[in-house]
Amino acid sequence: GENVEQHPSTLSVQEGDSAVIKCTYSDSASNYFPWYKQELGKRPQLIIDIRSNVGEKKDQRIAVTLNKTAKHFSLHITETQPEDSAVYFCAASYPGGFKTIFGAGTRLFVKA
Amino acid sequence: EAQVTQNPRYLITVTGKKLTVTCSQNMNHEYMSWYRQDPGLGLRQIYYSMNVEVTDKGDVPEGYKVSRKEKRNFPLILESPSPNQTSLYFCASSSTKPSTDTQYFGPGTRLTVL
């Protein structure tokens, strides 16, 4: 079945540094890749997404890249701040699909 | 205010005692879904609904039931809860299917089955 692998499971960076989280998906038909941020005790919230017809998307300090050939996509956070500390989930959906497959999550710590 | 609500937020129960977790959205969304979140496993889909009276299994449907009699409500039913269903549960909704539209999550329900 469909699978999404996410690495690393934990990431610790110094404030101001960049953070990169990587995901690999199994279903080559997947065409929509959202990223969610979940702060402690809160609900997951969409922070950025990318579709398979685009290679990169940016939103201020956050960017996502997609490599369809290798079936992997990555989240890049630049100039990290303590408020970026959270669990980040990648996910994949495929055309016509009603399922969303999530990665296991990455716990990001940003040290002040 | 556009939102997804869940009740209760916290529940401690005992094995075998039937329970229902309610989910409601006020955005007229067609699609609704239930997930469970466990440490190291991320979010796993239990059931989803494409519209009223249309539901289907996700990846971990065993031990759960759902119904979609009205567009706004999508309750999750545990007929005979067991300790392995102790988890954090999230309801989510989107305007249409999740491969097209953003999913909005409810606040979560933390369930403990003793």
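Heads up: the structure comes first, above all this text.
By convention here, each chain's residues receive numbers from 1 onward along its written sequence. The order in which chains are written sets their letters, starting at A; the order in which ligands are written sets their numbers, starting at 1. Only residues with pLDDT of at least 70 are given local features in this predicted model, and only at 80 or more are side-chain atom pairs given and counted; all residues enter the totals for whole chains, interfaces and linings. Side-chain metrics rest on all non-hydrogen atoms present in the structure, leaving aside hydrogens and water.

So what about the overall build of chain A? Which residues, and what values?
A run of DSSP states H or I qualifies as a helix once it reaches four residues; a run of E qualifies as a strand once it reaches two. Both are numbered from the N-terminal end. Assigned secondary structure in chain A consists of zero helices and eleven strands. Counting from the amino terminus, helix and strand elements in chain A follow one another as β-β-β-β-β-β-β-β-β-β-β. For a compact globule the rule gives 2.2 Å times the number of residues to the power 0.38, and the radius of gyration it is set against comes from C-alpha atoms. Since a compact globule built from 112 residues should have a radius of gyration of about 13 Å, the 13 Å found for chain A is in line with a globular shape. A principal-axis box enclosing the C-alpha atoms of chain A has dimensions of 45 × 25 × 20 Å. In chain A, which comprises 112 residues, the proportion classed as buried is 44%. Summarising the internal contacts of chain A: among those between residues at least 6 apart in sequence, 53% fall at separations of at least 24. A simple rule labels every residue: compare its accessible area, found with a 1.4 Å probe on the protein chains alone, to the largest value its type can have, and call it buried under 20%, exposed over 50%, or partly exposed in between. The contact rule is simple, with two residues in contact once any of their heavy atoms fall within 4.5 Å.

Can you explain the sheet that holds strand E6 (residues 56-59) of chain A? Please cite residues and give values.
Residue and element names in this part refer to chain A. Strands are labelled as partners when DSSP assigns at least two bridges between them. One open sheet holds the five strands; their spatial order is E1-E3-E8-E7-E6, and the pairing between them is antiparallel. In this open sheet, the two edge strands, each paired with only one partner strand, are strand E1 (4-7) and E6. Mean inter-strand twist for the sheet, computed between neighbouring axes without regard to direction, equals 15°. In the sheet, E6 pairs with strand E7 (residues 62-67) via four bridges, with the strands oriented antiparallel. Counterpart to Glu56 in the pairing with E7 is Thr65. All axes are obtained by fitting lines to C-alpha atoms, using only the stretch in contact for helices, and the reported angles, taken between N-to-C directions, cover 0 to 180 degrees.

Please give an account of the interface of chain B and chain A that cites residues and values.
With 25 residues of chain B in contact, the opposing surface of chain A contributes 21 residues. Once two parts are brought into contact, the accessible area they lose, counted with a 1.4 Å probe and summed over both, makes up the buried area. Of the roughly 1,900 Å² buried where chain B meets chain A, counting both sides, 54% is carbon and sulfur surface. When the area that chain B buries against chain A is broken down by residue, the three leading residues are B:Leu43, B:Ser99 and B:Phe105, summing to 29%. When a carboxyl oxygen of Asp or Glu is within 4 Å of a side-chain nitrogen of Lys or Arg, the pair counts as a salt bridge. Of the charged contacts in the structure, one is a salt bridge between A:Lys99 and B:Asp59, with a shortest N-O distance of 3.6 Å. Throughout this description, a polar contact denotes any pair of N or O atoms lying within 3.5 Å of each other; where both atoms belong to protein, one of them has to be capable of donating a hydrogen while the other can accept it, and for residues adjacent in sequence the pair is counted only when both atoms sit in side chains. Applying the counting rule to chain B against chain A returns five residue pairs in polar contact (both at pLDDT 80 or more). Within the residue set of the side of chain B that touches chain A, elements represented by two or more residues are strand E4 (31-38) and strand E5 (42-51) of chain B. When residues of the side of chain B that touches chain A are assigned to their parent elements, the largest contribution, five residues, is made by E5(B). Of the residues belonging to the side of chain B that touches chain A, the class tally is eleven nonpolar, ten polar and four charged. Side-chain classes are defined by residue name, with Ala, Val, Leu, Ile, Met, Phe, Trp, Tyr, Cys and Pro counting as nonpolar, Asp, Glu, Lys and Arg as charged, and the others, Gly among them, as polar.

Talk me through the state of the cysteines; I want residue IDs and the actual numbers.
Residues and elements named next belong to chain A. Only a pair of cysteine sulfur atoms within 2.5 Å counts as a disulfide in this structure description. With the rule as written, the count across this model stands at two disulfides over all chains. One disulfide in the model links Cys23 with Cys90; its S-S distance is 1.9 Å. The sign of the -100° torsion about the S-S bond sets the Cys23-Cys90 disulfide as left-handed. Residue Cys23 is located in strand E3 (residues 19-25), and its partner Cys90 is located in strand E9 (residues 86-92); the two are separated by 67 residues in the primary sequence. With relative accessibility at 0%, the residue Cys90 sits in the buried group.

Summarise the nonpolar core; cite the residues concerned and give the values.
Nonpolar core, defined: a set of buried Ala, Val, Leu, Ile, Met, Phe, Trp, Tyr and Cys residues in which side-chain atoms within 4.5 Å join the residues together. Counting 24 residues, the largest nonpolar core has A:Trp35, A:Phe73, A:Leu75 and A:Leu108 as the members making the most contacts within it. When near neighbours in sequence (up to four residues on either side) are disregarded, A:Leu108 contacts A:Leu11, A:Val13, A:Ala19, A:Ile77, A:Asp84, A:Ser85, A:Ala86 and A:Tyr88. Core analysis: the second largest hydrophobic core is formed by 18 residues, B:Leu19, B:Val21, B:Tyr47 and B:Leu78 among them.

A description of the packing of aromatic side chains should follow, citing residues and the corresponding values.
Pairing of aromatic rings covers Phe, Tyr and Trp, the last through its six-membered ring, and needs centres within 6.5 Å; plane angles under 30 degrees mean stacked, over 60 mean edge-to-face, and all others mean tilted. Under the counting rule described, the total for this entry stands at 14 aromatic pairs over all chains. On the basis of an interplanar angle of 45° and a centroid distance of 4.8 Å, the ring pair of A:Phe33 and A:Phe73 is categorised as tilted. Separated by 40 residues along the polypeptide, A:Phe33 in strand E4 (residues 32-38) and A:Phe73 in strand E8 (residues 72-77) bring together distant segments of the chain. Exposure remark for A:Phe33: the relative accessible area of 0% places this residue in the buried category. In this structure an aromatic cluster arises from ring pairing among A:Tyr36, A:Phe102, B:Tyr35, B:Phe90 and B:Phe105.

Give me the lowdown on the pairing of E5(B), citing residues and values where you can.
All names here are of chain B. Across the ten residues that make up E5, a large majority, seven, are buried. Here E4 pairs with E5 via seven bridges, running antiparallel. Each residue of the ladder has a partner; that of Ser33, found in E5, is Tyr48. By the bridge criterion, four bridges tie E5 to strand E6 (residues 54-57) in an arrangement that is antiparallel. Looking across to E6, one finds that Tyr48 is bridged to Asp56. Connecting the antiparallel pair E5 and E6 is a turn made up of two residues, with Glu53 showing a positive phi of about 65°.

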